[in-house]
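Fold and geometry: a report
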Amino acid sequence: MSISTVYPLLSLSPELKATLQECVECRLRDTVEANITTQYGIAAASLSLFRQAIAGKDVKTDPTIIMDFRRAVPLTDYESYSPFVAKFFGNPRKVSELENILAPGLPSFIAVSSSTIGTKSKLLPKYPRKLPGARPAITRLLNAASSGKTAYIYSFVNQELLEVLGEDGDVMKKIPVCSGSCAGARYVQNWPVETDSTRMGTIVPGHVSPWSTGLITHHRSFLLVHALFALSEPTLETFITTFLTLFVDLIHFIQEDWDMLITSIREGTIPDIDRIDHVRTYLQANFQANPQRAEELQNIGPPLTCPAWAQQVWPNIKSLVCVCSGMFAILIPKARSVLGPNVLIRNMGYGCTECAMGRMLNADDNETFVFETGDVLEFLDTSEAVVHDNILQAWDLQPGKCYQPVATTQDGLWRYLIDDVVQITGFDPRNGSPVFKFYGRKNLAIQFQYAAITEAHLVSIIQAINTEDIVKVQEFTAVVDQREPVQTVGFFLEIMGDTGPSAKLARHRAFEALVTTNEKHQHAFDTGKIRLPTIRIVKPGTFAKYRSWRGETMNADVGQVKVPVVMSNEAQQEWIAERVITEL
């Protein structure tokens, strides 16, 4: 059955505005009622004025609570919560001391942020969802996944298990510390850590890789094992993973180790891959020799040897589900060259460690989202001062403008300023919820004295040079290039194929695109404050190796490591600079 396209409205009717307002304010009242009596709600300095304002009021029924919240609750950041989160990492961990810290009860898990830019990861307790609201995007997608074979490329590794003790001193609960994607996958499939031993030697029905593959912590090894089992299964229909980068890395490793993978399939032996000894027995028990399949693959050849290679290897392949918008969209041409034109590349949705925020407005548009969440979202106009007096409600937003979301969550965050910037494009005609595109990360910007270069600006520069006659960009990161007295924005690119005949124009084309984002760059160039952008090409596979290197140095979840749009960390810059093969 075909699904009709949803077209956003440019303004809200009085009826839709009233519906949206009633929904948001009901959710806010429920959230405040649940969380104001927690340890944070009772003791946090940030809520002192709010506690005074609501003293003696019935939080559940008094309509003035909404105005009190908007007047008295300030913007907060992670530092407001870190002393409370630290209680989970003390000893002994007594249930009487850890209950009701940010939200009622004990958390289901503690989410670890990705720390893309090299700063310390944030740790955010996630509690059981007790209020009605939208299901996480991963839940919807996995429940609606094809009934056929799926390559389910997720890590199930917990960084730590926190044992909470009851009054008798016995372990009452184990709280995993892990990535949100790991916890989400475990939640959807009902895989608590206590029952991991029962799954180690199994392949979950509908999946192609043994469950124990998800416990491999090394980036390359994790993807090679998934590749081995995926190649062995000719009826594969779907790939599901976190970010599009993981699929592209998987294809890169298949290309690098094609002969080894084919030999393993022919002989039925798990190859000598690093850091899989803890699961090798379980992998081998689920892997048999298949000379016929090996011959089929040998005749097809490795990736990129023929158009729509994936459709030759997996004739039934239908979709790839992952995060593929924003800077990840740069990789879609690479993925499409492997998948062919008929395989659907479908976005996972929109969210961050702090809060799940939205889903796709239409399945065939990976860039346009609609806010859908069980939490409460407010907004700050990015052109205004970052103060709580400037916070706007969802029904006050204007299409075309950019905003930062401000989240009040069931997990105990109060007016928490999210680092993302979104651009509003309209409103959902079904319920009035704002429709938006992801614009960039607030902290991933290059700040020159005269102007800032945002993530969106950097992407537009790459799009300007990403042509057949200059270079076909596969991935990029940007830095402040200070190798000469006059600084500029510098790019490290991994490209597909060779540079084009007009590659010598790349720096000029990049500068023209930069000036289009802000005319101040032209004046800065004319007065010697900036020079032409620099462009350095790195070895093929560099960005995949970077993810592996960063994963090891950070002890991060395999599916969590991203290359930052702006690379400010000196060690990271030195690492990638060592892999430059040419400069335009």
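Residues numbered from 1 in each chain as written. Predicted model: local features only at pLDDT ≥ 70, side-chain atom pairs only at ≥ 80, totals over all residues. Heavy atoms only, no water.

Looking only at helices and strands, one finds 20 helices and 23 strands in the protein chain. Relative to a compact globule of 584 residues, whose C-alpha radius of gyration would be 25 Å, the protein chain shows 25 Å and is just as compact. The principal-axis extent of the C-alpha atoms belonging to the protein chain is close to 75 × 70 × 50 Å. The buried share of the protein chain, reckoned over its 584 residues, is 55%. Of the contacts made within the protein chain by residues no fewer than 6 positions apart, 66% connect residues no fewer than 24 positions apart. For the protein chain, the exposed surface amounts to about 24600 Å²; the carbon and sulfur share of it is 51%. Charge-centre separation for the protein chain: the mean point of 54 positive side chains lies 1 Å from the mean point of 63 negative side chains. (Helix = DSSP H or I, 4+ residues; strand = E, 2+ residues; numbered from the N terminus. Rg over C-alpha atoms; globule rule 2.2 N^0.38 Å. Buried < 20%, exposed > 50% of the residue type's maximum accessible area, 1.4 Å probe, protein only. Contact = heavy atoms within 4.5 Å. Areas by Shrake-Rupley, 256 points an atom, 1.4 Å probe, with all protein chains shown as cover. Lys, Arg positive; Asp, Glu negative; His and termini not counted. Charge placed at Lys NZ, Arg CZ, Asp CG, Glu CD.)

In this section: the packing of aromatic side chains. With the rule as written, the count across this model stands at 31 aromatic pairs. The rings of Tyr350, Phe369, Phe371, Phe379, Tyr403, Phe436 and Phe438 are connected pair by pair, giving a single aromatic cluster. Its end group placed over the ring of tryptophan 575, arginine 579 keeps NZ or CZ at 3.7 Å from the ring centre. (Phe/Tyr/Trp six-rings, centres within 6.5 Å; stacked < 30°, edge-to-face > 60°. Lys NZ or Arg CZ within 6 Å of the ring centre and 35° of its normal.)

This part is about the sheet that holds strand 4 (residues 160-165). Pairing within the open sheet is mixed, and its four strands lie in the order 2-1-5-4. Across the chains shown, the open sheet's two edge strands, defined by having one partner strand only, are strand 2 (123-126) and strand 4. Recorded for the sheet is a direction-independent mean angle of 25° between the axes of neighbouring strands. Bridge count for strand 1 (residues 109-112) against strand 5 (residues 171-178) is two bridges, and the pairing is parallel. The residue of strand 5 that forms the bridge with alanine 111 is cysteine 178. (Pairing = 2+ DSSP bridges. Axes fitted to C-alpha atoms, helices over the stretch in contact; angles between N-to-C directions.)

Quick look at the pattern of salt bridges now. By the definition in use, this model includes 30 salt bridges. Salt-bridge contacts for arginine 71 lead to aspartate 68; the nearest nitrogen and oxygen are separated by 3.6 Å. Linking arginine 71 with aspartate 68, this pair stays in helix 4 (residues 64-72), spanning three residues, or about one helical turn. Overall, arginine 71 belongs to the exposed group, its relative accessible area being 53%. The class of aspartate 68 is buried, set by a relative accessible area of 8%. Across the pair aspartate 481 and arginine 531 runs a salt bridge, and its minimum N-O distance is 3.4 Å. Of this pair, aspartate 481 sits in strand 20 (residues 473-481) while arginine 531 sits in the loop between helix 18 (520-526) and strand 22 (534-538); the two residues are 50 residues apart in sequence, bridging distant segments of the chain. One salt-bridge network, in which partners are shared between bridges, spans Asp481, Arg483, Glu484, Arg531, Arg536 and Glu583. (Salt bridge = Lys/Arg side-chain N within 4 Å of Asp/Glu carboxyl O.)

To continue, consider the pairing of strand 4. When strand 4 meets strand 5, the two strands line up antiparallel, connected through six bridges. The residue of strand 5 that forms the bridge with valine 164 is lysine 173. As consecutive antiparallel partners, strand 4 and strand 5 are separated by five residues, and within that stretch glycine 169 has a phi angle of approximately 90°, a positive value.

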